[in-house]
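Coordinate inspection notes
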Amino acid sequence: MAAQLIDGKKVAADIRAKLKSEIDELKSKGISPGLAVVLVGENPASKKYVSSKEKTCDEIGIKSFSHKLPESITQKELIDLIDDLNNDENVHGILVQLPLPKYLNEKEIMNRIAPEKDVDGFGPDALGKLVLDEPGFVACTPHGAIKMLDAYNIDPKGKHAVVVGRSVIVGKPLALLLLRKHATVTIAHSRTPDLKETCLGADILCVAVGKAKMITGDMVKEGAAVIDIGINVTPEGKIVGDVDFEPAKERAGYITPVPGGAGPMTIAMLMYNTVLAAKMAAGMKVEV
Ligand code: GUN
């Protein structure tokens, strides 16, 4: 039987609607959440992501502070900008769109973002808190994947979850979040010798590699929940995930489409983190 589709677009729209009413309430208390978005250069994909983020901010009432900078900007100027944003009380979250041009020291710039404004959840403070099971900003894409499972009542407790991909911004935090939800977690990667066997053991299969259709239908266990976090552009210009969707959907119990799965969730969780940052800055009690 074909899998049930996990509609990331719909789950993200529900999260945005909830945030919008929360933001209205915050504004009535004089708190106006603000997100600074920093883009360096002309990378077309980055420009597209940044404009979607700004559009979503507008839609739900978050003030966006846009900093679109030419490739002539120096490391020092960028660091000075981050310092200014760190000190600006109207800015609750800072997002530096990645990848940065190669001549810049990306690590130094990302680590300069104040931990209380790191709404991407990429910095050592956020990642350390995730490991320690302490409240903090959770990276948006893995958080979005968990929220999709929640929305479809897929409980990782006692299940075998396999995360394919070990990036710092998706694979590792996602594995920790699944562990937090009491799954037995395997992280697979390019050096995993028996990837097919490993994937076939997954009740929940999450893939974040960035390789079109690398997970074929015969790697999916019957009835598994498949979360495809890849966004790849084919030579024909089509956007596809890391999972070969058509055959996989014939075996899976649940599956996310690409586009319309993990993508919209990432932006929704960025908005969530920005609202969280604004509440924390105002000294409000938050549940994370
Ligand atoms: N580039 C692609 N995805 C992301 C993201 O989630 N955050 C940032 N800062 N850059 C990205």
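One can find the structure itself at the top, above this paragraph.
Residues numbered from 1 in each chain as written. Predicted model: local features only at pLDDT ≥ 70, side-chain atom pairs only at ≥ 80, totals over all residues. Heavy atoms only, no water.

Notes on the packing of aromatic side chains
- Here the structure, examined in full by the defined rule, presents 1 aromatic pair.
- Taking the centre distance of 6.4 Å and the plane angle of 70 degrees together, the rings of Tyr-152 and Tyr-254 count as edge-to-face. Note that Tyr-152 is positioned in the loop between helix H6 (140–151) and strand E5 (160–164) and Tyr-254 in strand E11 (residues 254–255), a separation of 102 residues in sequence.
- By relative accessible area, Tyr-152 is classed as buried at 18%.
- The class of Tyr-254 is partly exposed, set by a relative accessible area of 25%.
- Over the ring of Phe-65 we find Lys-63, and its NZ or CZ is 5.0 Å from the ring centre.
- Seen from the ring of Tyr-272, Lys-147 lies directly overhead, with NZ or CZ sitting 5.7 Å from the centre. (Phe/Tyr/Trp six-rings, centres within 6.5 Å; stacked < 30°, edge-to-face > 60°. Helix = DSSP H or I, 4+ residues; strand = E, 2+ residues; numbered from the N terminus. Buried < 20%, exposed > 50% of the residue type's maximum accessible area, 1.4 Å probe, protein only. Lys NZ or Arg CZ within 6 Å of the ring centre and 35° of its normal.)

Comments concerning the pattern of salt bridges
- Following the criterion strictly, the structure yields 16 salt bridges and no others.
- Between Asp-125 and Lys-129 there is a salt bridge, with the nearest N and O atoms lying 3.0 Å from each other. Of this pair, Asp-125 and Lys-129 both sit in helix H5 (residues 124–132), 4 residues apart, roughly one helical turn.
- Residue Asp-125 is classed as partly exposed on the basis of its relative accessible area, which comes to 33%.
- A network of salt bridges, in which partner residues are shared, links Glu-246, Lys-249 and Glu-250. (Salt bridge = Lys/Arg side-chain N within 4 Å of Asp/Glu carboxyl O.)

What about the packing of helix H1 (residues 8–28) against helix H10 (residues 262–281)?
- Axis separation between H1 and H10 bottoms out at 9 Å; the angle between their running directions is 20 degrees. By the angle between their axes, H1 is roughly parallel relative to H10. Here the hand of the crossing between H1 and H10 comes out left-handed. Contacts between H1 and H10 involve Gly-8, Lys-9, Val-11, Ala-12, Ile-15, Arg-16, Leu-19, Glu-22, Ile-23 and Leu-26 from the former and Pro-264, Met-265, Ala-268, Met-269, Met-271, Tyr-272, Val-275 and Lys-279 from the latter.
- Residues belonging to the contact of H1 with H10 are distributed by class as follows: 13 nonpolar, 1 polar and 4 charged. (Axes fitted to C-alpha atoms, helices over the stretch in contact; angles between N-to-C directions. Parallel < 35°, antiparallel > 145°, perpendicular 65-115°, else oblique. Left-handed = near helix turned anticlockwise from the far one by under 90°. Contact = heavy atoms within 4.5 Å. Nonpolar A, V, L, I, M, F, W, Y, C, P; charged D, E, K, R; others polar.)

Examining the nonpolar core
- Core analysis: the largest hydrophobic core is formed by 53 residues, its most contacted members being Leu-35, Leu-178 and Met-271.
- Element by element, the count of residues in this core is highest for H10, at 11 residues.
- In contact with Leu-178, not counting residues within four places along its chain, are Ile-146, Leu-149, Pro-156, Ala-161, Val-163, Ala-183, Val-185 and Cys-206. (Core = buried A, V, L, I, M, F, W, Y, C linked by side-chain atoms within 4.5 Å.)

Some details on unusual backbone geometry
- In this model, Leu-98 is joined to Pro-99 through a cis peptide bond whose omega is 0 degrees.
- Assignment of secondary structure puts Pro-99 in the loop between strand E4 (93–96) and helix H4 (106–112).
- A positive phi angle is found at Asn-153, which is not glycine, with a value near 55 degrees.
- Mapping Asn-153 onto the fold places it in the loop between H6 and E5.
- Unusually for a residue other than glycine, Lys-213 sits at a positive phi of about 55 degrees.
- Examined against the element boundaries, Lys-213 turns out to sit in the loop between strand E7 (204–207) and strand E8 (225–228).
- Residue classification places Lys-213 among the partly exposed residues on the basis of a relative accessible area of 43%.

Brief notes about the environment of Gly-41
- Within the secondary structure, Gly-41 is located in the loop between strand E2 (34–40) and helix H2 (44–60).
- As for Gly-41 and Pro-70, which are separated by 29 residues in sequence, their C-alpha atoms are 5.1 Å apart.
- Excluding residues within four positions of it along the chain, Gly-41 makes contact with Leu-69, Pro-70 and Glu-71.

Considering the side chain of His-143
- Of note, His-143 is situated in helix H6.
- Not counting residues up to four positions away in its chain, the partners in contact with His-143 are Val-138, Leu-177, Met-269 and Tyr-272.

Here we look at the site of the ligand
- Residues in close proximity to the ligand include Lys-53, Leu-95, Val-96, Gln-97, Leu-98, Asp-120 and Phe-122, which together make up its full environment.
- Between the ligand and Gln-97 there is a distance of 3.0 Å, counted from a nitrogen atom to a side-chain nitrogen or oxygen.
- Within the side chain of Asp-120, one N or O atom sits 2.6 Å away from a nitrogen atom of the ligand.
- Protein contact buries 79% of the 280 Å² of open area that the ligand shows by itself.
- Classifying every residue of the shell around the ligand gives 4 nonpolar, 1 polar and 2 charged. (Near = heavy atom within 4 Å. Polar contact = N/O pair within 3.5 Å; in protein donor to acceptor, adjacent residues only side chain to side chain. Areas by Shrake-Rupley, 256 points an atom, 1.4 Å probe, with all protein chains shown as cover.)

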